[in-house]
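# An overview of the molecular structure
Each chain, written out:
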Amino acid sequence: MKEMKRLLVFGASVGGFLHEKDGSGCQDAWKYRYIPPNMLIIAVSDGAGSSKKGELGAKMATDCAVNISPKQNLRELVSECVYNARKALEEKGKEDSIELGELACTLIVVAIREDKGYVAHIGDGAVVSELGDELEVISEPEESEYVNETTFLTDEAWELALRVREIAKFNALAIFTDGIQRGVLVKRGNEYIPYKGFFNPLFNYASSVKEEEKACKEIENLLKSEKFLKLSEDDKTLVIVIRRQ
Amino acid sequence: MEKTVEVIYPEEPRCALVLLLDTSSSMGEYLEGARKIDELNEGIKILKEELMEDELARKRVEIEVITFGGANEVNIFHKFSSVDEFNPENLKAYGVTPMGKAILRGIEEVESRKRYYKEKGIEYYRPWLWLITDGMPTDMNVGDDMWNRVVREVHEGEKQHKFTFWAVGVGGDEGADMEKLKMIAPPNRIPVKLKGVKFKEMFSWLSKSLRKVSASKPGEQVEFGSIEEWAEGWTRVDRI
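Each chain carries its own residue numbering, running from 1 in the direction its sequence is written. The lettering of chains begins at A and the numbering of ligands begins at 1, in the order of writing. Local features in this predicted model are restricted to residues whose pLDDT is 70 or higher, and side-chain atom pairs enter the listing and the counts only when it is 80 or higher, whereas totals over whole chains, interfaces and linings include all residues. Processing note: side-chain calculations cover all non-hydrogen atoms of the structure and skip hydrogens and water entirely.

### Structural notes on the overall build of chain B
- In this text, helices come from DSSP runs of H or I with a minimum length of four residues, and strands from runs of E with a minimum of two, each type numbered from the N-terminal end. When helices and strands are tallied, chain B shows 6 helices and 8 strands.
- The secondary structure elements of chain B, listed N-terminal to C-terminal, are β-β-β-α-α-β-β-α-β-α-β-α-β-α.
- Here the radius of gyration uses the C-alpha set of atoms, whereas the globule reference equals 2.2 Å times the residue count to the power 0.38. Relative to the 2.2 N^0.38 estimate, which gives 18 Å for 240 residues, the radius of gyration of chain B is 18 Å and therefore close to what a compact globule would have.
- By principal-axis analysis of the C-alpha atoms, chain B measures approximately 70 × 40 × 30 Å.
- Within chain B, contacts between residues separated by at least 24 positions form 75% of all contacts whose residues are at least 6 apart in sequence.
- When the accessible surface of chain B is split by element, carbon and sulfur atoms take 45% of a total near 10600 Å².
- The charge count includes Lys and Arg as positive and Asp and Glu as negative, but it does not include His or the ends of the chains. A charge is said to be at NZ when it belongs to Lys, at CZ for Arg, at CG for Asp and at CD for Glu. Here chain B contributes 36 positively and 44 negatively charged side chains, and the mean placements of these two sets differ by 3 Å. Any two residues whose heavy atoms approach within 4.5 Å are treated as being in contact. Residue burial considers only the protein chains on display, and all accessible areas are found by Shrake-Rupley using a 1.4 Å probe.

### Examining the sheet that holds strand β4 (residues 61-69) of chain B
Residues and elements named next belong to chain B.
- Each pair of strands is called paired provided DSSP finds at least two bridges between the two strands. The strand order across the open sheet built from 6 strands is β5-β4-β1-β6-β7-β8, with neighbouring strands paired in mixed fashion. Two strands close off the open sheet at either side, each with one partner strand: β5 (73-82) and β8 (192-193).
- Here 2 bridges tie strand β7 (residues 164-169) to β8, and the two strands are oriented parallel to one another. Note on β8: the bridge partner recorded for G169 is K193.
- Across the sheet, helix α6 (residues 199-213) lies against β1 (15-23), β4, β6 (128-133) and β7, angled at about 175 degrees from β6, the strand it touches most. Axis definition: a line fitted to C-alpha atoms, limited for helices to the stretch in contact. Angles are taken between N-to-C directions and run from 0 to 180 degrees.

### Re the interface of chain A and chain B
- Taken together, the contacts link 35 residues of chain A with 29 residues of chain B.
- Buried surface at the junction of chain A and chain B, summed over both partners, amounts to about 2800 Å²; 57% is from carbon and sulfur atoms.
- Once two parts are put together, the accessible area they lose, assessed with a 1.4 Å probe and summed over both, is termed the buried area. Three residues, Y146, N148 and K227 of chain A, lead the burial of chain A against chain B; their summed loss comes to 23% of the area buried on that side.
- Should a side-chain nitrogen of Lys or Arg be within 4 Å of a carboxyl oxygen of Asp or Glu, the pair is scored as a salt bridge. At the surface where chain A touches chain B, the tally comes to 5 salt bridges.
- Among the salt bridges present, the one from E123 of chain B reaches R182 of chain A, with a minimum N-O distance of 2.3 Å.
- N or O atoms within 3.5 Å of each other form a polar contact, as long as, within protein, one can give a hydrogen and the other can take it, and as long as residues adjacent in sequence are counted only when both atoms are side-chain atoms. On inspection of chain A and its partner chain B, the count reaches 15 residue pairs in polar contact (both at pLDDT 80 or more).
- Elements represented by at least two residues in the side of chain A that touches chain B include exactly α5 (178-184), β10 (185-188), α6 (196-206), α7 (212-224) and α8 (226-231) of chain A.
- Ranked by the residues each element gives to the side of chain A that touches chain B, the list is headed by α6 of chain A, at 5 residues.
- Residues belonging to the side of chain A that touches chain B are distributed by class as follows: 17 nonpolar, 8 polar and 10 charged. In this classification, the charged set is Asp, Glu, Lys and Arg, the nonpolar set is Ala, Val, Leu, Ile, Met, Phe, Trp, Tyr, Cys and Pro, and all remaining amino acids, among them Gly, are polar.

The following block contains the structure:
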């Protein structure tokens, strides 16, 4: 227990104003799970805006991704989380006789054990790490030509689109969806650069966090603030993992 | 924390529309009591007005007008601009119908606009090419080199998601050759025949559709309204 609690996790998903206006709530979801003795799994998903069950898709994908039996090889485990989520959506589709595409959602899964970590990622959104003063994009949004296109976990080509990356040593991680991506990553050519004006104060705050619950509320307030409302009308999710010193 | 964190406000993503407009002499003729070119001019004003009413579309849609007519002339009548700066003068109708050249020019224009967006780091939607003609192409015949090139570029471009191509045929004494138009248009989006001179209704539909596209999110399937009001005998438009 003591070992596990060296990692703190907090975050929030909030609905964008377009969605709230037409009453479809929030189609982002996130979930995390500590697996004793020392493993942490986090899943973040963005349900596709117009698919009828995008919200359900995102919720199921995150629930099922973290519901896994631990194994030694973290790289394999993190991919397995994604396979679990995909399988669950396939079964749900069959069970309810709905097309898989209606459950369309992106998925980011992060698995951490002690100093090691891996991320598995399909679609947009990103993961940024911090170590000392260094910020690094660990997993970038999927490259797509058009702003309204990305690959989803429910697409036929999902396996081809699955990217698995190793997370080197870190103090803190930020995992986030498309709704805030343009406000916190600068794109130069094909490269994404974390925006210091956002991440430095964010991780600075994170290092002072003592209680996860209170910090979740703080993130929620941030995502609902005027600054972020102005940024995009999309749902927004931001999850932070911090290594307690 | 709200006060200490900063975010970047990136440029609005752009949604490019190229109107490929037939301004050959037949467009100056009357149909159902109105001059086609006058109705087309009025329709274009409706497009602007209705896009201006929409906060997102106004910031995101960019329009270019390419005309074909005269002495085998293809002109950029209005270079890509925001909706705000889109105030084209009235079009005049005269001359022949160099449709093939106009289509190729339109395709070049969307490709070069996309390159511009990329250089500037501006995100974008798939551009639209919207062809309106009331005649037969005078710069190509079925099966010749020009014809084959135009058909190939339209079909391949649509297939590779380089753009979305729409073709509208207008009636008249001879009117648009719908069979030829069908061969040119992508197989997944057959051309539409305009009801009389319902250009205003057509442009109103176009503005509504672009409003939907320019507000769409990843994976969102944009569903368009019925085209019954302005199109003959064909009322369903597939999602894109």
